[in-house]
Amino acid sequence: MKGLLLRLSALDPDAENAVRVISFFDHLITGRVDLRTLVRSVAELTGAPVGVRGAQGGESIRADAAGRLRVDDRIPAIARSATLADGTVVWVATDGDPLPLLDILVERFAIATELALDHARTPRAELGDPALVELALAESAGEAERSRALHLLGLATGSPLRVLALAGDPTHAALLVATVQADNPGVRGVSLGALHAVLLPDSGIDPTPPTAAGVIVGLSHRGPAITAPRLWHQARTAVRYATEQNPLVRAVELGALALLADKLGPADIGRVEDVTALDQLAAEPHGPDLLAVLIALCATQSVRQAATVVHRHHSTIPARLAHAEAVLGFPVDTAPGRFRLTLALTLRTLRDSTR
């Protein structure tokens, strides 16, 4: 980048115009324009004849200063040109009066032409190709690779996107993905190990993805499509906190809990005494039912409402809570106690997550 800036300064003390030229070509490149559109656009930018002479039988085309196109492989006697690796030549006519920033303009014209020809030669992958979705989500992929994958999927790099992570019954998860795709044809999905990943173009309205029996869902923040790996990480973190009782977790709701998922491993959580006490309760004959009562109490903060959630008569709950308090070593019917219990239950969910 330093070398580029030095070159721009040498070409034009006011590098702002050079940056505008670069931005002009970047816009054409990211828009995946074809060769004819590229040549026409460069002619309109320069106000001079420009063209591309194809190599090995490739298309040769030129445009006059007004952008009118015709097939022609002749290069004017006075022109600045650049030759691509395959022998293709791009040129800009100068008529003896060089245009400002001509060197950088021809260089960017050559780069854009090479990409346009490469796009034309490469068969377009089928939209929704799982390999493209996987590439878009991969942290190991370079930005250029990710950008190309997104374009092939019909997504602009700057378009708003959310990512879903689905875990659970594979058949139900696949049906859920199909349901989401039916509502939005722009949705793309792929199975990645134990998870299903879904790219969800954002419409500006906070989405509420559907849920299905045996499937839990994590929803990322909203961000540019080019940041898909970061959004995928957020979705994977969110789904680690999802449970049967709370099957949809949004990354935006996690706050500091997202940091816990990144910093605490199973071994760290396993050393928390409150978590080991919950494990002891869970191992008892009616342990799963008791844990369901504790989860309902934290969610409702009311013994009667908790009893309703677990379909038990409220008169049976106090004895269960008394036993839980004896093992945990703290009361669960106070605000501090419920907070401590909620944290322990959350950590246990995080530890047991294999996602």
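This text follows the structure it describes.
Cut-off values and rules
All residue numbers refer to position in the chain's written sequence, counted from 1. The predicted origin of the model limits local features to residues at a pLDDT of at least 70 and limits the giving and counting of side-chain atom pairs to 80 or more, whereas totals for whole chains, interfaces and linings rest on all residues. Remark: hydrogens and water are excluded; side-chain values derive from all non-hydrogen atoms of the structure. What makes a salt bridge here is a side-chain nitrogen of Lys or Arg within 4 Å of a carboxyl oxygen of Asp or Glu, nothing more. Helix and strand definitions here come from DSSP, where helices need a minimum of 4 consecutive H or I residues and strands a minimum of 2 consecutive E residues; each element is numbered from the N-terminal end. Relative accessibility under 20% of the residue-type maximum defines a buried residue, over 50% an exposed one, and the middle range a partly exposed one, all with a 1.4 Å probe and only protein chains included. Note that the arc is computed from the directions linking the helix axis to the C-beta atoms. By the convention used here, strands pair only if DSSP detects at least 2 bridges between them. Where helices are involved, their axes are fitted lines through C-alpha atoms of the stretch in contact, as for all axes, and angles between N-to-C directions lie from 0 to 180°. Grouping buried Ala, Val, Leu, Ile, Met, Phe, Trp, Tyr and Cys residues that are joined through side-chain atoms within 4.5 Å yields what is termed a nonpolar core. The contact criterion used is simple: two residues touch if any of their non-hydrogen atoms lie within 4.5 Å.

A. Spotlight on the pattern of salt bridges. Tallied over the full model, the rule gives 14 salt bridges. Residues Asp72 and Arg62 are paired through a salt bridge, measuring 3.7 Å at the closest nitrogen-oxygen approach. With a gap of ten residues between them, Asp72 in the loop between β3 (69-71) and β4 (79-83) and Arg62 in strand β2 (residues 61-63) connect regions that are remote in the sequence. Assessed through its relative accessible area of 9%, Asp72 is described here as buried. In this structure, Asp202 and Arg162 form a salt bridge, with 2.6 Å as the shortest nitrogen-oxygen distance. Highlighted residues: Asp202 in the loop between β8 (195-201) and β9 (215-219) and Arg162 in strand β6 (residues 160-168), separated in sequence by 40 residues.

B. Geometry of helix α5 (residues 130-137). The set of residues buried in α5 consists of Leu132, Val133, Ala136 and Leu137. Angular distribution of buried residues about the axis of α5 spans 135°; they occupy a single face of the element.

C. The sheet that holds β2, seen in detail. An order of β3-β2-β1-β5-β4 is seen for the five strands of this open sheet, with the pairing classed as antiparallel. Either end of the sheet is taken by a strand with one partner, and the two such strands are β3 and β4. Between one strand axis and the next, the sheet turns through 15° on average, direction left out of account. As paired strands, strand β1 (residues 50-53) and β2 are joined by three bridges and run antiparallel to one another. Bridge pairing links Gly51 to Arg62 in β2.

D. Quick look at the nonpolar core. Grouped together as the largest cluster of nonpolar side chains are 36 residues, with contacts concentrated most on Leu137, Leu161, Val163, Leu199 and Trp232. At the level of secondary structure, the elements contributing two or more residues to this core comprise α5, α6 (143-152), β6, β8, α8 (228-240) and α15 (335-352). Ranked by the residues each element gives to this core, the list is headed by α8, at six residues. Those residues within four positions of Leu137 in sequence are excluded, and the remaining contacts are Val163, Leu192, Ala197, Leu199, Ala228, Pro229 and Trp232. In terms of nonpolar packing, the next biggest core, distinct from the first, is built from 27 residues, Leu28, Leu84, Val90 and Leu117 among them.

Keep in mind these numbers describe shape, not what the thing actually does.
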